Amino acid sequence: MRMATQSSSHPIICASFNQDNSCFAIGTRDGFKIFDCNTGKLLYEKVIGAFVIVEMLYRSSLLAIVGAGEQPSLSPRRLCLFNTVSGTALRELNFLTSILAVRVSRKRLIVVLQEQAYIYDVNSLEIKRIIDTVPNLKGLCAFSANSENPYLALPASVTKGSVLVYNVIDLQSHCEIHAHCSPLAALAFSSNGMYIATASEQGTIIRVHLISEATKSYSFRRGTYPSTIFSLSFGPSADRPDILLATSSSGSLHIFPLGLDLNDRSKKSSSFLENIMSGSVSDALDPSHHLVFHHAFPAGVKSQTVIRKTDKANTSMSEPVALRATVSVISFSGYFQEYGLRVNHKNEAAWSLEHELNLLTAVAEKSST
């Protein structure tokens, strides 16, 4: 899940978590920085100018970076594969138009332009396929780095919320999902690549789709009034994720449960997550059936958020907790915040700010490389 903006209103231009959410990178007017999510330590910093894209490959020394174009050496049409150990460029790829998004896995490098998406072999940088797309002015895309479900999702329409899902290893179109009536605004795969979450420009409905069947599995109402969805994130899972998180321009974090098959209207709830959601689609669209953390960050400030950890706690504890989650938020105003979410069996939620870091003033330790 990544976001970039060339707006000068925020000190952070872009922010991205790596594939296992153990690190994150930000781009600023001065350069880029890499942080460790667990410790908050600044691991690497390069002060060479403004960047609109900084993508990591897990915790390796490889970065894919794109400049903001504020100086000739940092053209937005040039992708640089950068080595943080040597501090030098390994390769550069040049394009005719600005690069709007980059995604990377251990086998593939994805470059998204306004009307094309390039698929490269990440080792040889051989072009495997060029996909012609509908005009994609924001470079909207989602990518699953999971080896069993290596999918790329791109908008399939400029007037409706249709999603093209493409297998980047087989180099074949997998399916097209008709998700919303309005154009898409946000996309995110689950960590196992089995599900995709979508939101439209209206931002009132969040939908989750099972990729294997190209079918809608869940539909949630975030709220009644339109809002810009900044990010979507599933809780980590080897199978069906427990929860989905969304952030919006209202400054709120929304947590949606995924513990119940909404197609089974007669099914009775048997767990906490299923108790939050009743068994009907109409009830699912009621905003009262999800958890909201208001004022998590200033309204209107862009944010990038992930659920880094989830834990279904032991019911024999003195204060039974049905679910614990660690939620990490990068605010484009310049802060990293980590929240602990605890929900008990009475469906009562409690948020606690466990860590906060000023990303703009952080200094790397001398031993860091």
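No experiment lies behind these values; they were computed from the predicted model shown.

A.B. asks: Can you explain the sheet that holds strand β23 (residues 243-248)? Please cite residues and give values.
C.D. replies: Spatial ordering of the open sheet is given by β22-β23-β24-β25, a layout of 4 strands whose pairing is antiparallel. The open sheet has two edge strands, β22 (229-234) and β25 (291-293), and neither has a second partner. Here the strands of the sheet are splayed against their neighbours by 20° on average, with no regard to which way each runs. Of the strand pairs in this sheet, strand β24 (residues 253-257) and β25 are connected by 3 bridges, and their pairing is antiparallel.

A.B. asks: Give a detailed account of the pattern of salt bridges, specifying residues and quantitative values.
C.D. replies: Counted by the stated rule, this structure contains 8 salt bridges. Across the salt bridge formed by D311 and R324, the nearest N and O atoms sit 3.8 Å from each other. Of this pair, D311 sits in strand β26 (residues 303-311) while R324 sits in strand β27 (residues 321-331), and the two are 13 residues apart along the sequence. Here D311 falls in the partly exposed class, since its relative accessible area comes to 37%. Look at R324 and you get partly exposed, because its relative accessible area is 29%.

A.B. asks: For the packing of aromatic side chains, give the residues involved together with the corresponding values.
C.D. replies: Counted under the stated rule, the structure contains 15 aromatic pairs. Ring geometry for F32 against F51: centres 5.2 Å apart, planes inclined by 90°, an arrangement best described as edge-to-face. Here the residue F32 occupies a position in strand β4 (residues 31-36), and F51 occupies one in strand β6 (residues 51-56), the gap between them amounting to 19 residues. Owing to a relative accessible area of 1%, F51 belongs among the buried residues under this scheme. For the pair Y218 and F220, a centre-to-centre distance of 6.0 Å together with 5° between the ring planes defines the contact as stacked. Residue Y218 shares its accessibility class with F220, and that shared class is buried. An aromatic cluster is present here, built from F17, F24, F35 and F336 joined pairwise through their rings. Taking the ring centre of Y58 as reference, the NZ or CZ of R106 above it sits at 3.7 Å.

A.B. asks: Any details on unusual backbone geometry? Residues and values, ideally.
C.D. replies: Backbone geometry places Y58, a non-glycine residue, at a positive phi of 50°. In this fold, Y58 is placed in the loop between β6 and β7 (62-67). Exposure remark for Y58: the relative accessible area of 17% places this residue in the buried category. The backbone of L125 shows a phi angle near 60°, a positive value even though the residue is not glycine. Structurally, L125 is set in the loop between β12 (116-121) and β13 (127-132).

A.B. asks: Before we move on, can you summarise the side chain of N192 with the specific residues and values?
C.D. replies: Structurally, N192 can be placed in the loop between β18 (184-189) and β19 (195-200). Polar contacts involving the side chain of N192 include one to the side chain of S190, which spans 2.6 Å. At a separation of 2.9 Å, a polar atom in the side chain of N192 contacts the main-chain amide nitrogen of M194. If we ignore the near neighbours within four places in the chain, the residues touching N192 are S144, N146, N149, S237, A238, D239 and R240.

A.B. asks: Report on the pairing of β13, specifying residues and quantitative values.
C.D. replies: Taken together, the 5 bridges between β12 and β13 define a ladder with antiparallel strand orientation. Note that in β13 the partner of Y120 across the bridge is I127. What sits between β12 and β13 in their antiparallel hairpin is a turn of 5 residues, with L125 showing a positive phi close to 60°.

What counts as what
- Residues numbered from 1 in each chain as written.
- Predicted model: local features only at pLDDT ≥ 70, side-chain atom pairs only at ≥ 80, totals over all residues.
- Heavy atoms only, no water.
- Pairing = 2+ DSSP bridges.
- Helix = DSSP H or I, 4+ residues; strand = E, 2+ residues; numbered from the N terminus.
- Axes fitted to C-alpha atoms, helices over the stretch in contact; angles between N-to-C directions.
- Salt bridge = Lys/Arg side-chain N within 4 Å of Asp/Glu carboxyl O.
- Buried < 20%, exposed > 50% of the residue type's maximum accessible area, 1.4 Å probe, protein only.
- Phe/Tyr/Trp six-rings, centres within 6.5 Å; stacked < 30°, edge-to-face > 60°.
- Lys NZ or Arg CZ within 6 Å of the ring centre and 35° of its normal.
- Polar contact = N/O pair within 3.5 Å; in protein donor to acceptor, adjacent residues only side chain to side chain.
- Contact = heavy atoms within 4.5 Å.

Keep in mind that these numbers describe shape and distance, not what the molecule does.
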